[in-house]
Amino acid sequence: MKSFYITTAIDYVNGSPHLGHAYEKVLTDTIARFRRQMGDRVHFLTGVDEHGQKVQASAKKKGIAPQQFCDEVSAEFRALLPKLTITNDDFIRTTEERHQTVVRAVLQQLFDKGEIYQAEYKGFYSTRQEQFLQEKDRLPDGTWPELFGEVTEIVESNYFFKLKQYQEWLVEFLTTNETFIFPAYRQKQVLEFLKEPLNDLCISRPRERLEWGIPLPFDAGYVTYVWFDALLNYYSAVADRPEIWAEAHHVIGKDILVPPHAVYWPIMLKAAGISLPKGIIAHGWWMTRGAKMSKSTGNALNPLDLVTEFGADAFRYFLIREMNVGQDSDFTREQFLVRYNSELANNLGNLVNRTLNMTTRFAGGVVPAAEVEEDLEKSLRDLWTKTRDEFLPLCEGYQFHTALERAMVFLTETNAYIEKRAPWKLGKSTEAKDAALLRTSLATMAEALRLAVAIIQHVTPTTTEKINAVLGYTPGAVWRDELNWGGKLTGAKVAGALVLFPRPAPPEKPAAPAKLA
Ligand code: MSP
């Protein structure tokens, strides 16, 4: 069994989870479930990033201790996972001892090796926001936005990590490992970024300015600042299990690819003598009318509202079907409803209903064996072979949206097959040939349905389970063996009905006028 280790970014706990956070969990879960189906021994980690200025400030505003604040918000992030049917094996919090121990050990090791040094840090500082600003924070006219209050240039002593000296090594590494970052065009962007000289990385903040962090093991007057703490979570969670670490893959948003994950992280690991991850998958953003959904802009959707209204599977399906991993997508309720109605309720839902109804009506609820194969049956079967053969490489290459589109085409064609075969007409005939075709059509639609739900299982696990149950089917242990067309349902006793994707309640209609007596 091959190991496969997959992680999400760890979320800042200074606000509640939104749709962007939920998407990353769903995408990572889709990958995790797919790899498990392919037979890998998967380890799936997610968690929260609990240190830093913003958390300290949010806790202060609420008048509670930072740890209590983290406990509360982290619980909210954690509670979202089962609601989205996320199958993580572990959940890490950066305030946990197991994480802090590893961070301190790595920092100490790098300090001992001379990879970390102390120097003056110069920058523009906002006392109101208690943070250093960057050039990109300036307004186009060169001044600072009002929210920063008074901005002064200050100098303070800090610790720096020798990033610069690894620049050539990183360029060489990325040039020889062309598929390190997915999508490939992002790897090119990293190499572009590396054409400019790197600066060493400031990794500390004096304790009098920032209390809420991991103290540097070699100078208690400082805490670790942001990335050295956060990035190491991927390693600290499995530090004692090298066979898992050796197969690490990180799923992150494009905003934290360059420089944190594509530059700092490989260099930190290289300097510490720890092996590099196998890959980084950088997804795009969910947007609302062209702007990134985020807590700060106030345009973020609460994923739980959609899950409550439509169920976890419909939510997962939409996110994975709509977004091409790497690119941005606009989230609109209209588009959600279009896919919900046409793809889930009509396409899949109808096939389920027809299969159950017709098997009940024409075969006493027991799936018959196929007896003949005419052109109609053959072409559906050929389409299945093509769908399956394209589907596996698509999923292995994170093209889940196209894989789902292929599954939908197969469902559409199965429904079209039923229209053409018209079992309701065959049922009226007294010819033996028609009776054989009728049985064949029932066997064909049931088998096509079984196969279709097998290939969407990593996205819609609950739906797949429900459909298998009404088909009276228990899938075998080896998922890939399930993908062969082979009358696996012959003799199965199906249930009478299953309501899967109910229509959302229509807007209230005015009451019909009362009839006159
Ligand atoms: N704490 C850091 C990550 C540290 S990883 C070692 C952080 N946290 S975050 O809460 O701001 O973001 C967490 C993840 O959610 C990131 O991968 C980010 O890209 C993703 N998303 C946040 N908003 C998003 C959208 N609107 N759309 C899709 N994902 C986005 O960054």
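Conventions and cut-offs
- Residues numbered from 1 in each chain as written.
- Predicted model: local features only at pLDDT ≥ 70, side-chain atom pairs only at ≥ 80, totals over all residues.
- Heavy atoms only, no water.
- Helix = DSSP H or I, 4+ residues; strand = E, 2+ residues; numbered from the N terminus.
- Buried < 20%, exposed > 50% of the residue type's maximum accessible area, 1.4 Å probe, protein only.
- Contact = heavy atoms within 4.5 Å.
- Pairing = 2+ DSSP bridges.
- Phe/Tyr/Trp six-rings, centres within 6.5 Å; stacked < 30°, edge-to-face > 60°.
- Lys NZ or Arg CZ within 6 Å of the ring centre and 35° of its normal.
- Near = heavy atom within 4 Å.
- Polar contact = N/O pair within 3.5 Å; in protein donor to acceptor, adjacent residues only side chain to side chain.
- Areas by Shrake-Rupley, 256 points an atom, 1.4 Å probe, with all protein chains shown as cover.
- Core = buried A, V, L, I, M, F, W, Y, C linked by side-chain atoms within 4.5 Å.
- Domains from an automatic or database assignment.
- Arc of directions from axis to C-beta.
- Axes fitted to C-alpha atoms, helices over the stretch in contact; angles between N-to-C directions.
- Parallel < 35°, antiparallel > 145°, perpendicular 65-115°, else oblique.
- Nonpolar A, V, L, I, M, F, W, Y, C, P; charged D, E, K, R; others polar.
- Buried area = accessible area lost by both parts, 1.4 Å probe.
- Salt bridge = Lys/Arg side-chain N within 4 Å of Asp/Glu carboxyl O.

Trainee: Just checking my understanding: could you explain the side chain of Thr440 for this structure?
Mentor: With respect to the helices and strands, the residue Thr440 is situated in helix α17 (residues 432-455). Among the residues examined, Thr440 registers a relative accessible area of 0% and is labelled buried. Setting aside residues up to four positions removed in sequence, Thr440 forms contacts with Ala370, Glu371, Val372, Glu377 and Tyr417.

Trainee: Would you mind going over the sheet that holds strand β10 (residues 204-206) with me for this structure?
Mentor: Strand pairing in a sheet relies on backbone hydrogen bonds, with the paired strands running either antiparallel or parallel. With respect to topology, 3 strands assemble into an open sheet ordered β10-β12-β11, the strand pairing being antiparallel. With partners counted over all chains shown, the strands left at the sheet margins are β10 and β11 (215-216), one partner each. Pairing of β10 with strand β12 (residues 219-224) involves 3 bridges; the strand directions are antiparallel. Note on β12: the bridge partner recorded for Pro206 is Tyr222.

Trainee: Would you take a moment to explain the packing of aromatic side chains for this structure?
Mentor: Enumeration over the complete set of coordinates arrives at 31 aromatic pairs. On the basis of an interplanar angle of 75° and a centroid distance of 6.4 Å, the ring pair of Phe34 and Phe400 is categorised as edge-to-face. Placement of Phe34 in helix α1 (residues 19-37) and of Phe400 in helix α15 (residues 400-421) is noted, with a sequence separation of 366 residues between them. In terms of burial, Phe34 and Phe400 fall into one category: buried. Where Tyr159 meets Phe218, the ring centres are 5.1 Å apart and the plane angle is 70°; that geometry is what we call edge-to-face. With Tyr159 in strand β7 (residues 151-161) and Phe218 in the loop between β11 and β12, this pair connects stretches of sequence that are 59 residues apart. Judged by its relative accessible area of 17%, Phe218 is buried. By way of ring pairs, the aromatic residues Tyr23, Trp286, Phe310, Phe318, Phe331, Phe336, Tyr340 and Phe501 are connected into one cluster. Above the plane of the ring of Trp285 lies Lys254, whose end atom (NZ or CZ) is 4.4 Å from the centre.

Trainee: Explain the site of the ligand to me, please; I cannot follow it from the model alone.
Mentor: Around the ligand there are 25 residues in total, and Ile10, Glu24, Asp49, Asp255 and Met293 lie nearest to it. A distance of 2.8 Å is found between a nitrogen atom of the ligand and a backbone nitrogen or oxygen belonging to Ile10. Met293 is positioned such that a nitrogen or oxygen atom in its backbone is 2.8 Å from a nitrogen atom of the ligand. For the ligand, whose free accessible area comes to 660 Å², the fraction covered by protein is 95%.

Trainee: Quick question: what am I supposed to make of the sheet that holds strand β15 (residues 286-288) here?
Mentor: Here 3 strands make up an open sheet; going across it, the order is β16-β15-β17 and the pairing mixed. Single-partner strands in this sheet number two, and they are β16 (291-292) and β17 (329-330). The pairing of β15 with β16 spans 2 bridges and is antiparallel. Directly across from Met287, in β16, lies its bridge partner Lys292.

Trainee: What's the story with the nonpolar core in this structure? I'm lost.
Mentor: In a soluble, globular protein the nonpolar side chains are often hidden away together inside. Ile6, Ile31, Trp286, Leu348, Ile467 and Trp479 are the most contacted members of the largest nonpolar core, which totals 101 residues. At 12 residues, α17 tops the list of elements feeding residues into this core. Each of domain 1 (3-310) and domain 2 (332-483) contributes no fewer than three residues to this core. Counting residues in each nonpolar core, the second largest holds 57 residues, with Leu45, Phe180, Ala248 and Tyr264 among its members.

Trainee: Help me understand the pairing of strand β5 (residues 116-126) in this model?
Mentor: Side-chain positions along a regular strand alternate between the two faces of the sheet. Taken together, the 11 bridges between β5 and β7 define a ladder with antiparallel strand orientation. Looking at the pairing, Ile116 lines up with Phe161 of β7. Pairing of β5 with strand β6 (residues 131-133), which is carried by 3 bridges, proceeds in the antiparallel orientation. Looking at β6, one finds that Tyr125 is bridged to Phe132. The turn joining β5 and β6, which pair antiparallel and follow one another in sequence, is formed by 4 residues; a positive phi near 50° is taken by Glu130.

Trainee: I would appreciate a short explanation of helix α11 (residues 303-310) in the present structure.
Mentor: Each turn of an α-helix holds 3.6 residues, which means side chains three or four residues apart point in the same direction. Regarding α11, the residues found buried are Pro303, Leu306, Val307 and Phe310. Down the axis of α11, the sector holding all buried residues measures 100°, keeping them to one side. What points out from α11, more than 90 degrees from its buried face, is the exposed set Asp305 and Thr308. Those residues of α11 hidden inside the fold are in contact with α1, α3 (66-83), α12 (312-322) and α13 (333-363). The distance from a side-chain oxygen at the start of α11 to the backbone nitrogen of Leu304 is 2.9 Å, and the residue carrying that oxygen is Asn302. Positive backbone phi, approximately 95°, marks Gly311, located one or two places after α11.

Trainee: Is there a simple way to explain the packing of helix α14 (residues 375-396) against α15 in this structure?
Mentor: Two quantities define a packed helix pair, namely the angle between the helix axes and the distance between the axes. Between α14 and α15, the least distance of the axes is 9 Å, while the angle of their chain directions is 170°. Considering the angle they form, α14 stands roughly antiparallel to α15. Packed against α14, whose contacting residues are Leu376, Glu377, Leu380, Leu383, Trp384, Thr387, Glu390, Phe391, Leu394 and Cys395, the element α15 presents Phe400, Thr402, Ala403, Arg406, Val409, Phe410, Glu413, Thr414, Tyr417, Lys420 and Arg421 at the interface. In the contact of α14 with α15, the residues fall into 12 nonpolar, 3 polar and 6 charged.

Trainee: What's the story with the domain arrangement of the protein chain in this structure? I'm lost.
Mentor: Domain annotation for the protein chain reports domain 1 (3-310) and domain 2 (332-483). Distance from the C-alpha centre of domain 1 to the C-alpha centre of domain 2: 43 Å. Counting residues at the interface gives 14 residues for domain 1 and 19 residues for domain 2. Here domain 1 packs against domain 2, burying approximately 1600 Å² in sum over the two surfaces, 68% of which is carbon and sulfur. Where domain 1 packs against domain 2, one counts 2 salt bridges. Across the pair Arg35 and Glu396 runs a salt bridge whose closest N-O atoms are separated by 3.6 Å.

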